[in-house]
Amino acid sequence: MAGSKILVLGGGFGGVQAAISARSSLNAFHEVTIIDRNRVPHLCGMNPLMIVGERETNKTGRSLGRLANRGINFVEANIDLIDTSNQQVVTSAGTFDYDYLVIALGAAYDWDAVPGARDAYSFYDFDYARHLRRRLSRLKRGKIVLAAAKPPYKCPPAPLETAMIINWWARRKGIRKDIDISVYIPEPGPLGVAGKDASMRIRNALDQRGIELVSSAGVTEVSRNGFEVSFADGSSTTADIVATIPVHKMPDIVAASGVANGKPWVPVSRATLETSIANVFAIGDVNVVPSGEFAIPKAGVFAAGQGTKVGEVISSRINETDEPEPYDGVGFCYLAYSGGRSATVGGEFLAEGGPQTIVTEPMVSGMKHKERFERDWRNFRI
Ligand SMILES: Cc1cc2nc3c(=O)[nH]c(=O)nc-3n(C[C@H](O)[C@H](O)[C@H](O)COP(=O)(O)OP(=O)(O)OC[C@H]3O[C@@H](n4cnc5c(N)ncnc54)[C@H](O)[C@@H]3O)c2cc1C
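Right, let's walk through the structure included here. (Residues numbered from 1 in each chain as written. Predicted model: local features only at pLDDT ≥ 70, side-chain atom pairs only at ≥ 80, totals over all residues. Heavy atoms only, no water.)

If you check helix H7 (residues 300-319), its first and last C-alpha atoms are 28 Å apart, about what 20 residues at 1.5 Å a residue would give, namely 28 Å. For H7, a buried count of 14 out of 20 residues is recorded, marking the element as mostly surrounded by other parts of the structure. (Helix = DSSP H or I, 4+ residues; strand = E, 2+ residues; numbered from the N terminus. Expected span 1.5 Å × (residues − 1). Buried < 20%, exposed > 50% of the residue type's maximum accessible area, 1.4 Å probe, protein only.)

Structure below.
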């Protein structure tokens, strides 16, 4: 009897955890392979501190080649086609067959959906974040606008966190009185997904720090020179630095594969993360898991939790053991207010009766946990 082939597309938070989880319960007879075009993915969660010089640019990555130590094959290749009818994936390094497929390709950015965004600043991508870091290091005065286009976007706290970190950095540098910071978001309020309490707490925190928050105002255009920016509520403003959160979309090859059934994100079973095609799973940013009136946020902690669950589901099917407990939607993110203190936000997003969430005060212990999270990620413990 031949062993099963488990193919994981994408070596981000979700894909790596799915591979590690499946591998840990399967004998060596079965093959676990990850394909990603990047050998060294970066931890986007470090970008808000990286842009103000609080994280080193050469310490934000991890090499997927190291997964060989755990019995997981890594193939560095571009994935071009997902063919579920023939159980094959076509890549720049050849065609791969599978018995179980895990699609963990994340969200793609549509930089052209907002005219001018491609040439503006951003902290949502590693290269853009490095560019913004260089710009901020020269800044002495002026106005900074952080502007999200439309939901859903990764890590909903990230624009708010970034505004607070820039506030802290400018104070430390002694230039805060010469800097204006504004955050424009498309939602009616910040962190709606985490509940009213969290939303109010963040509003107050921004207000106390003199950070302007404008809601229901997604960015619609950035001028060619990058200094003027327009919003969905009809307003516009000028700024010295405009940093956008780009429009997110499902990667084109996932849309072309048909697994999303024409929906904007891949619908999956809430319990097993399986798509409408048997033994094809979609986890992390690429899927949608409804949670109350929202959906589970696009964040690494949820992608990783889903990866662990899918690994358990696949190994239980191969080993013919009981199917594991359904996915629980539990996850907590960090929301740093400075280089030294971080709040925690999250909870149980699939709780009966609706999401049960909390947000804590920013604490030194919160930052210690965040630093441990970063170390664990680099060492493949997350
Ligand atoms: C500024 C910022 C701050 C954040 N902060 C946090 C935080 O504090 N906590 C948190 O939990 N999350 C945070 N996130 C969100 C987190 O980074 C994402 O939600 C997470 O990475 C999603 O994991 P994933 O596995 O679904 O996709 P990804 O991690 O995006 O992985 C997808 C992988 O697929 C690969 N890929 C895509 N297409 C192809 C192709 N055609 N061929 C080959 N390879 C391909 C990519 O190279 C990538 O490695 C933050 C994000 C940003 C931008």
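Here the narrative resumes.
The ligand sits among 31 residues. The nearest are Gly-14, Asp-36, Ile-79, Gly-300 and Val-301. Contact distances for the ligand include 2.6 Å between an oxygen atom and a side-chain N or O atom of Asp-36. Within the backbone of Ala-299, an N or O atom sits 3.3 Å from an oxygen atom of the ligand. Burial of the ligand by the protein amounts to 93% of the accessible area it has alone, namely 1,000 Å². It is H7 that provides the largest number of residues to the shell around the ligand, a total of three residues. Of the residues assigned to the shell around the ligand, the class counts are 16 nonpolar, 10 polar and five charged. Of the domains in this structure, domain 1 (5-107 + 250-326) and domain 2 (110-248) are the two that each give at least three residues to the shell around the ligand. (Near = heavy atom within 4 Å. Polar contact = N/O pair within 3.5 Å; in protein donor to acceptor, adjacent residues only side chain to side chain. Areas by Shrake-Rupley, 256 points an atom, 1.4 Å probe, with all protein chains shown as cover. Nonpolar A, V, L, I, M, F, W, Y, C, P; charged D, E, K, R; others polar. Domains from an automatic or database assignment.)

Among all residues save glycine, negative phi is the norm, and among peptide bonds the norm is trans. Following Pro-151, the chain continues into Pro-152 via a peptide bond in cis, with omega recorded as 0 degrees. Here Pro-152 lies in the loop between strand E9 (142-148) and helix H4 (158-173). With phi around 65 degrees, Leu-273 is a residue other than glycine that occupies positive phi space. Positive phi is not limited to glycine here, since Glu-320 has a value of about 55 degrees. Counting through the fold element by element, Glu-320 comes out in the loop between H7 and strand E22 (330-336).

Summed over the entire model, instances satisfying the criterion amount to 12 salt bridges. Put simply, Arg-118 and Asp-112 hold a salt bridge, and the shortest N to O gap is 2.9 Å. Residue Asp-112 is classed as exposed on the basis of its relative accessible area of 51%. A single salt-bridge network, built from bridges that share partners, covers Glu-274, Arg-317 and Glu-323. (Salt bridge = Lys/Arg side-chain N within 4 Å of Asp/Glu carboxyl O.)

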